[in-house]
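# Inside the fold
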Amino acid sequence: GAVVSQHPSWVICKSGTSVKIECRSLDFQATTMFWYRQFPKQSLMLMATSNEGSKATYEQGVEKDKFLINHASLTLSTLTVTSAHPEDSSFYICSAREKETQYFGPGTRLLVL
Amino acid sequence: SQKIEQNSEALNIQEGKTATLTCNYTNYSPAYLQWYRQDPGRGPVFLLLIRENEKEKRKERLKVTFDTTLKQSLFHITASQPADSATYLCALGGATNKLIFGTGTLLAVQP
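A short tour of the structure in this document, coming up. Quick caveat: nothing in here was measured; it's all calculated off a predicted structure.

Parameters and conventions
Residues numbered from 1 in each chain as written. Chains lettered and ligands numbered in written order. Predicted model: local features only at pLDDT ≥ 70, side-chain atom pairs only at ≥ 80, totals over all residues. Heavy atoms only, no water. Helix = DSSP H or I, 4+ residues; strand = E, 2+ residues; numbered from the N terminus. Buried < 20%, exposed > 50% of the residue type's maximum accessible area, 1.4 Å probe, protein only. Contact = heavy atoms within 4.5 Å. Areas by Shrake-Rupley, 256 points an atom, 1.4 Å probe, with all protein chains shown as cover. Lys, Arg positive; Asp, Glu negative; His and termini not counted. Charge placed at Lys NZ, Arg CZ, Asp CG, Glu CD. Disulfide = S-S within 2.5 Å. Pairing = 2+ DSSP bridges. Axes fitted to C-alpha atoms, helices over the stretch in contact; angles between N-to-C directions. Buried area = accessible area lost by both parts, 1.4 Å probe. Salt bridge = Lys/Arg side-chain N within 4 Å of Asp/Glu carboxyl O. Polar contact = N/O pair within 3.5 Å; in protein donor to acceptor, adjacent residues only side chain to side chain. Nonpolar A, V, L, I, M, F, W, Y, C, P; charged D, E, K, R; others polar.

## Examining the overall build of chain A
Looking only at helices and strands, chain A features zero helices and eleven strands. In chain A, the succession of helices and strands from N to C terminus is β-β-β-β-β-β-β-β-β-β-β. In terms of overall dimensions, chain A has C-alpha extents of about 40 × 25 × 20 Å along its principal axes. When the 113 residues of chain A are sorted by exposure, 50% land in the buried category. Here the contacts in chain A between residues at least 6 apart in sequence split such that 54% fall between residues at least 24 apart. Within the structure as shown, chain A displays about 5,600 Å² of accessible surface, and the carbon and sulfur contribution to it stands at 52%. Distance between charge centroids for chain A: 4 Å, based on 11 positive and 10 negative side chains.

## Digging into the state of the cysteines
The term disulfide refers to a covalent linkage connecting the sulfur atoms of a pair of cysteines. Applying the stated criterion across every chain, the model contains two disulfides over all chains. Through a disulfide, Cys23 of chain A is tied to Cys94 of chain A; the S-S separation comes to 2.0 Å. Handedness of the Cys23 of chain A-Cys94 of chain A disulfide follows from its S-S torsion of about 80°: it is right-handed. With Cys23 of chain A in strand 3 (residues 19-25) and Cys94 of chain A in strand 9 (residues 90-98), this pair connects stretches of sequence that are 71 residues apart. For the pair shown, Cys23 of chain A and Cys94 of chain A are each scored as buried. The disulfide that involves Cys23 of chain B links it to Cys90 of chain B, with 2.0 Å between the sulfurs.

## Focus on the sheet that holds strand 7 (residues 62-67) of chain B
Residues and elements named next belong to chain B. With antiparallel pairing, the five strands of this open sheet are ordered in space as 1-3-8-7-6. The sheet terminates laterally at strand 1 (3-6) and strand 6 (56-59), the two strands that pair on one side only. Averaged over all adjacent pairs, the angle separating strand axes in this sheet is 15°, with direction ignored. Pairing analysis gives four bridges linking strand 6 to strand 7, with the strands arranged antiparallel. Following the sheet pairing, Glu56 is matched in strand 7 by Thr65.

## Considerations on the interface of chain A and chain B
Across the boundary between the two partners, chain A contributes 20 residues, which contact 18 residues of chain B. Interface area for chain A against chain B, summed over the two sides, is near 1,600 Å², with a carbon-plus-sulfur share of 51%. Considering only the surface of chain A that becomes buried against chain B, Ser43, Glu100 and Phe104 of chain A emerge as the three largest contributors, covering 32% of it. If you look at where chain A meets chain B, you find two salt bridges. In this structure, Glu59 of chain A and Lys98 of chain B form a salt bridge, with 2.8 Å as the shortest nitrogen-oxygen distance. Remark: the boundary between chain A and chain B carries seven residue pairs in polar contact (both at pLDDT 80 or more). Split by residue class, the side of chain A that touches chain B holds nine nonpolar, seven polar and four charged.

This is how it looks when you write it as structure tokens:
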């Protein structure tokens, strides 16, 4: 149980384009999902908390207009990186919360050329 | 500010031995602590959760201790195998929904 999927697993795009990443909880409902970013050999950096039916809560320093989050259902949250630039290249990971535990997706590798 | 430290950037041990990983924290009183395993290029995988009122938790070859006085958790893998090689993350949780992650310890089990 407690499986979280993420799609796509990797994406390469040109600078200036927008990229959407989906996060789904497959066998449980999650009112709260999280989006993280991870740089090589570093720990997870929380970007935002995605709340079903309401606006996401962004961490300090994360541009909400740059990273659009939508949590339209209890099993799906999406992260859209708008007007992506090379510095947005990173490993993006989502998680879905069930009770106290967060279950993570497999991650999405984004490369912006 | 809240700080989590995990022991040594890399831990090398021989197959069959017990691996012990440390997680120390300051300026925080977590209600629970979790350990995750992360393989390269993959998302973290949940291993164990231990609450503030629990001293020890076991799951197969894994054992976690939680000392709220020392502000420390120890994570043990007994009879370690090369397949246990990965980065292990500790994470603290409390009143908010968020988890605060440590930087992780890279474990390498040599055959």
